Each structure stands twice: as C-alpha cells, then as structure tokens.
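Each chain is listed here by its residues.
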Number of protein chains: 2
Amino acid sequence: MNTRNSDRGAAPARGPAGGVVIELSAAIVTVTDVSPKILLVRPPELSPRPGLPYGPFDPTGHRTLEEGLRTWVEEQTALHLGYVEQLYTFGDRFRDPQERAGGPRPVSVGYLALVRQTALKDAGESSWGDWYRYFPWEDWRDGVPTINDQLIVPHLTKWAEGAKSKPDRSRRRERVNLAFALEGGSWDNERVLDRYELLYEAGLVFEATLDARLEVTADLTTIHTHTHTGAALTKDHRRILATAMGRLRAKIKYRPVIFELMAPTFTLFQLQRAVEALSGGRLHKQNFRRLVAQEGLVEPTGHISAQTGGRPAELFRFRPEVVHERPSPGVRVPVKVSKRAE
Amino acid sequence: MNTRNSDRGAAPARGPAGGVVIELSAAIVTVTDVSPKILLVRPPELSPRPGLPYGPFDPTGHRTLEEGLRTWVEEQTALHLGYVEQLYTFGDRFRDPQERAGGPRPVSVGYLALVRQTALKDAGESSWGDWYRYFPWEDWRDGVPTINDQLIVPHLTKWAEGAKSKPDRSRRRERVNLAFALEGGSWDNERVLDRYELLYEAGLVFEATLDARLEVTADLTTIHTHTHTGAALTKDHRRILATAMGRLRAKIKYRPVIFELMAPTFTLFQLQRAVEALSGGRLHKQNFRRLVAQEGLVEPTGHISAQTGGRPAELFRFRPEVVHERPSPGVRVPVKVSKRAE
DNA sequence: CGTATATATGCTCACTTTAAGTATAATTAT
DNA sequence: ATAATTATACTTAAAGTGAGCATATATACG
C-alpha cells in the first residue's frame, strides 16, 4: 500500500495565495471482528500526529468530486472502495495551520468509505487504527467508559460553570447534559460530533490547546495530551472522523450498509459483533436475530460455521432483495448500554 | 428585497481559468398555510429559468462557509436566516454550462435554510414559489398525482425496457419500482433526489434535454418542457432543491425543525397543515394531536385562535425543553397517502 | 330559529412492535 | 462427566400504532 498524504502532490488544485484549494478527504472504515478501524496515514513533516488520507481535487481531470476521491484513493492504496458517501464540507479558517503562513484557504470535502476487512497489513505510510483510540468516550460496550465519569463530565461541568454570563452558563450546561446523557437523559450514540465539539471548546482535546497556542491566546494551565482524552489527529481530522462515525452509526439503522463491511457469509453473532463495534453498545442477542430475520435482511446458506467454542452457528448471507421490499431496511436495534460493574 | 444572482459579483472567489470557484447556494424554505415555498431569483441573462440564490465564498473575508452564506444572504435580502444546515457539495463537471466556455470549475456548497413565513412580498428580483411547481409528482396530499400514473411511470417503464443489456434493464426496473412505489412498494417521501435523478436520466425533465443538447448527443425526439414534468430551474438547481426537500422531509421526523417555520403560537391544525405541506401527504388528525402532545413538542398557551369556521382551536407554542428530554424529538408521523377518487 | 357543515377534541379498541427473559440444544475445554 | 460457551426457539408484559367513534363548539344559510 502506498497511501500518501497529499501535502506532497496537491499542486493541480492549488490556487494562488488568497485563493481556494479543494481537498477530498476520506474516512475509510472497516471492521475486524470486534474492532472498528479507520485508515490513517503517516503525518506530514510538520505534525507528529497521524491523519486521514486526502488528495487534491483536479478540476480539469475529475468529472465529479466522488470520482476524484475514488481515483486518488485507488491510485495510492490497494483498496477498492465499495460504498462511498459524501459527508460534509469543512471550510473553517485555519483548519490547516499552514494557512497562517500565507497558504491558500483549504476547503475539504469529507467522504465516508466502507471497505471489507482485508488482509492488508499496515504497510508503508498507512495503517489501520481502532477508532476508539481517538474517541475512548464513545465505546460503551463494556459500560460507561471510566474516562467519562472521572475526567470528562467533571471538567465539562466546571467549564460550563466557568462561562461569563448566566445565559451562557445555562446554554453550556444544557449542551453538556444533552451530549453526555446527564440528568436522566439517555446516551445518543449518533451525537459523536456534538461531544467532540464540546470537548474541543472546553479545551479537553489536544487539538484545541494546540490551535489555541497558535492563536497565542492559550490558557496553558489545562493542557491535556492524548493520553487523557484519546489520541489526537492532524488539523481537523478528528472532527471529520467524528462526523463519519455519527453518520455511519445513524446509517446502519435504516440502510443495509453493515453488509459492505462483512464477508460474503457470516454468522449472526459475527454480524451482531460488527454492529456493536460501530454502535459502541451491546445488543440483546435473541432480539437481534429475530430482528434481522423478520426484516428479511439475511438468509441462511445451509452451511454451518467453523466452530469457535460452543454450538456451531449457521452461516447467513445478505439478502439484497430487501432493498426493494422495505422502505428503509437496516439494523434498527436499540443500542443498549450495558451497566458495568456497579 | 434585493436578492441578486451572483453571476454578477462572484469575483472575489473566482480562480484562474482551469481553477476552482466555490459558490454557496441556498434553498431558503418557508411555509404559508398549506404551501411550502422556496425563494427563487430572476434568471441571469443567459437562462430564461429562475434559480436558487447563490453567492461567492470569499476565502479572505469569510471565517466559515456558513458565515459566508449568512453574510451574503442577509446582505442581499431582508431575510434573517434562522435554521441553517449544510446539505451537500455539488461539483459535477458542466453543472454550469458557462464552464464549457472556458470558465472556472464551479463547486457549489448547498445549504438548507428555514425562515418563518414573512410578510415579504415578491419584490425586485426574487420571489417565493410553491415547491411542488417544480416537483408536481411529489405532492400526494390529494392522492397520487395524475402525472405519475399517466406520464411518468409509463415513460420510465419504457425507459427501463430500453436499456441495452439485460442487467441494465433489470437495474433500471428496480430503481423505478423502488423510487415510484411500484409493485407493492410503498411511497417513501424522502427519496426526492432518487426520483429526480431517474427523471433526469430518462430525459423526462427539461434540464436533461437541455444539457444533452449542449453535449450535441441529444436524442431530441423526446423533449418534454416544463408543462409536463414541472417547471425547470437553471443549471442543477432543481437537483439542489430536491436534496433540500428530501433532507427536510427526513429531518422533521426527528428534530423539531418544523417550529422554525411556524409563528410563535399556532393551532394544532396549522401545525398539521405545515407538516403535510412539507411531507406531501395527509395525516390522521386525532393521532397527530396525540403524538405532538405525548412527545411533549408543544404546550397550550391558554388562548384560543381567531375562528376560521368551526369550533375555535386552542393556541399552542413550541416547548424547547423537549430537546433535553427525548433523544430525537420530531413529528414522527406516518405520512399516509390518501387514496383519491378511485 | 333550526339545520347543515366545519373544525376541535376526547376516547376506545384491535393490532403490532418491542424489550426482556426463560428454556433448551449443540458444541469445546478440563 | 461436568462446566462453560455459544446458538436458537419460544413466552410474555408493556408500549406504541393505526383507525375509527363520539361529542363539543363554532359558522353559514335557509
């Protein structure tokens, strides 16, 4: 694999100083067994942090934005992208610190891409990382992450109370309650971006303190490195990843995209593990099988799996016809949070 | 109001020939009584068709894309935008015919904006148009539109059978069935874009035949003007509007955005009419009130409305607290299609 | 004044869906 | 053998949904 960060090679789309340059960035996701993975590339010279792969948009060569994305991804990696979906276009000033040095304004069109678990090794400049390494507070499969109660919620509460005006305080408090399921609220696993932005604003993620330092208005008393609130990525790539996670978590509920990540045949438990990995919660096993069966999402192959300790399971395959039968076929399961050790 | 199409005035973001220029286009939506409205501007010199308002993105002046949009909209119109949401970034080659004449590649970041029904008259170069004028096949409030059965479905079926290869035919047939609820399928009011793209590919909308003519590969035997399949808009603006409609129809089901379009107080029937207008279907009145009540979306004001023939109705207001109580508060109503005269 | 008509609102009821659990089957590890 | 592990069938209580009936309060019009 030869994924390269396009800091070298963006020339075709680079405008004049004061101009605009369009990047196409990709959150390329896969799932191996119980772990959701994101493709990351080695950091460019300036930054010690890894980042999402991205490439330039070539207005003379690329017929569409998506074609542009597919082209450079498949050129630079051995990956064939299956499902591809545009996420959001990011254009905040200084999302790339380079801009401060007089570079052009980089506007990034973010994409979500799904690839099946491959035998690809981490090679060259790219590697697969568990996405909860960057979002530890999002993994509720083993109960509420300790970091939430012990670090994040206390800090966010303090941050909320630290606002200057009273309405500001109340607004901050409400945002924190809503995003982190305080005061009787329930955890919404799709609000990944909301939560990241709160942490950013409160200075609890490394990117925030770095950006603040560059603005020379930093309050350096509360620097938190990646050891506390997940590993950092370059520029605003963690924000893009948050957008991708939220979108994917939402999408599996009403479109059969989960099967873009599965092998051609699979056991129901493997399917459940994949959904749980992406959703960050646990599912009720018996209800899960009833659901996928009665939604017509899968059909039995007749074969049974190689045993993995316990009664052998039947192998299933995706039923593509479901798309024509139901209005919005997906794994519409209530992702329940398991109470842990308490 | 002084909305201007930015064909005049896009200079700040215009790159060199072969470069990229970023436009910010807005689907500005409101609802008056029973009619969903979209803000349109007078066509630029070249086109006889109206279009969405759009303006340039100024990389030196605008801090964020959304700020850029708000800035030029509020400069050029008297409108204060309330809810604003990024939709999609459109970058297909030749989405603007000007590009063929050697202009820069225009990439358009589309936004959905909601404004309350205002007393604003159609004035100057902009006007409010009922969005079903451009999508007559989407309005099922009085049963399935005649155009669907009498014109669209027969033509699309013929188009599907006209594909060269057998798998192509089958793919086309499936897309048509799914999008237009054929063969026992149910109408999904969110698939606005899917349907528009089918009509475009089949050459049933005016834009398609125009674009084809410009490519000089047109089959001009099947030109359909706006009288048959809705009025046309400039460039790809009908596609952008389709995206906005689909997104809005989806969003009202799980976010209380409908209240961005209502007056501060309203009767439940007015609220129902607004939802029906956007959704393009009818709702069961009694269940609708039960739903908005038990979801906690509204609260009574104690006042009653000025009568409009019939028993006076109580006035309600939005309950903003609902956002903190439920995971995804919205008007999650089954938009049923009323069977008409059959 | 009385009747038709229109809208508003409360309530019932059958049916479906959902969350959660019990029970049992078929395998591996020790 | 026995414990542990995974698979799968079935039950049940609670909640939600779709449809309709009944009644209340207004206007329009003879």
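Note that the coordinates shown come from a computational prediction; the quantities given were computed from them, not determined experimentally.

Criteria and thresholds
- Residues numbered from 1 in each chain as written.
- Chains lettered and ligands numbered in written order.
- Predicted model: local features only at pLDDT ≥ 70, side-chain atom pairs only at ≥ 80, totals over all residues.
- Heavy atoms only, no water.
- Contact = heavy atoms within 4.5 Å.
- Buried area = accessible area lost by both parts, 1.4 Å probe.
- Helix = DSSP H or I, 4+ residues; strand = E, 2+ residues; numbered from the N terminus.
- Nonpolar A, V, L, I, M, F, W, Y, C, P; charged D, E, K, R; others polar.
- Near = heavy atom within 4 Å.
- Polar contact = N/O pair within 3.5 Å; in protein donor to acceptor, adjacent residues only side chain to side chain.
- Pairing = 2+ DSSP bridges.
- Axes fitted to C-alpha atoms, helices over the stretch in contact; angles between N-to-C directions.
- Buried < 20%, exposed > 50% of the residue type's maximum accessible area, 1.4 Å probe, protein only.
- Least-squares fit on C-alpha atoms with pLDDT ≥ 70 in both.

### Things to note about the interface of chain B and chain A
- Each side of the interface is counted separately: chain B has 33 residues, and chain A has 33 residues.
- Carbon and sulfur atoms make up 53% of the area that chain B and chain A hide from each other, which totals about 2800 Å².
- Breaking the side of chain B that touches chain A down by element, the ones donating at least two residues are strand S1 (20-32), strand S4 (83-90), strand S5 (105-114), helix H3 (166-179) and helix H9 (322-325) of chain B.
- Here the side of chain B that touches chain A takes four residues from S4(B), the largest share from any one element.
- Residue composition of the side of chain B that touches chain A, grouped by class: 13 nonpolar, eleven polar and nine charged.

### Topic: the protein's contact with DNA strand D
- Taken together, 18 residues lie around DNA strand D, and A:Arg289, A:Gly309, B:His284, B:Gln286 and B:Arg311 are the ones closest in.
- Considering the 4 Å shell around the protein, atoms of DNA strand D inside it are sugar or phosphate in 56% of instances.
- Within the side chain of B:Gln286, an N or O atom sits 2.4 Å from a base nitrogen of DNA strand D.
- One of the side-chain N or O atoms of B:Arg290 is found 3.0 Å from a base nitrogen in DNA strand D.
- Elements that contribute at least two residues to the surface near DNA strand D include exactly helix H8 (285-294) of chain A together with helix H8 (285-294) of chain B.
- Class assignment of the residues belonging to the surface near DNA strand D gives a composition of five nonpolar, seven polar and six charged.

### As for the sheet that holds strand S7 (residues 265-267) of chain A
All names here are of chain A.
- Spatial ordering of the open sheet is given by S7-S9-S8, a layout of three strands whose pairing is antiparallel. In the strand order of this sheet, the two ends are held by S7 and strand S8 (298-304), each with one partner. Taking the axes of each pair of neighbouring strands and ignoring which way they run, one obtains an average angle of 45° across the sheet.
- Where S7 meets strand S9 (residues 314-318), three bridges bridge the pair, whose relative direction is antiparallel. Note that in S9 the partner of Thr267 across the bridge is Leu315.
- In the packing of helix H7 (residues 268-279) onto the sheet, contacts are made with S7, S8 and S9, and the angle to S7 comes to roughly 85°.

### Some thoughts on the environment of A:Ile147
Residues and elements named next belong to chain A.
- Along the chain, Ile147 turns up in helix H2 (residues 146-161).
- You can call Ile147 buried: its relative accessible area is 15%.
- The spatial distance from the C-alpha of Ile147 to the C-alpha of His228 is 7.9 Å, given a sequence separation of 81 residues.
- Those residues in contact with Ile147, other than ones at most four positions away along the chain, are Pro136, Trp137, Ile152, His228 and Thr229.

### Quick notes on the relation of the copies chain B and chain A
- Between chain B and chain A, the superposition needs a rotation of 180° and an axial shift of 0.0 Å, giving an RMSD of 0.1 Å. Read as a symmetry element, the transformation amounts to a two-fold axis.
- Looking at chain B, 100% of its interface residues are interface residues in chain A too, so the copies touch through the same face.

### Here's the deal with the protein's contact with DNA strand C
- Of all residues adjacent to DNA strand C, which total 20 residues, the nearest are A:Gln286, A:Asn287, B:Gln286, B:Arg289 and B:Arg311.
- Here DNA strand C approaches the protein such that, of its atoms within 4 Å, sugar and phosphate make up 57%.
- In the environment of DNA strand C, a base oxygen lies 2.6 Å from a nitrogen or oxygen atom belonging to the side chain of A:Gln286.
- A distance of 3.3 Å is found between a base nitrogen of DNA strand C and a side-chain nitrogen or oxygen belonging to A:Arg311.
- Going through the elements one at a time, H8 of chain A together with H8 of chain B are the ones with two or more residues in the surface near DNA strand C.
- Counted by class, the surface near DNA strand C contains five nonpolar, eight polar and seven charged residues.

Bear in mind that shape data such as this cannot, by itself, settle questions of function.
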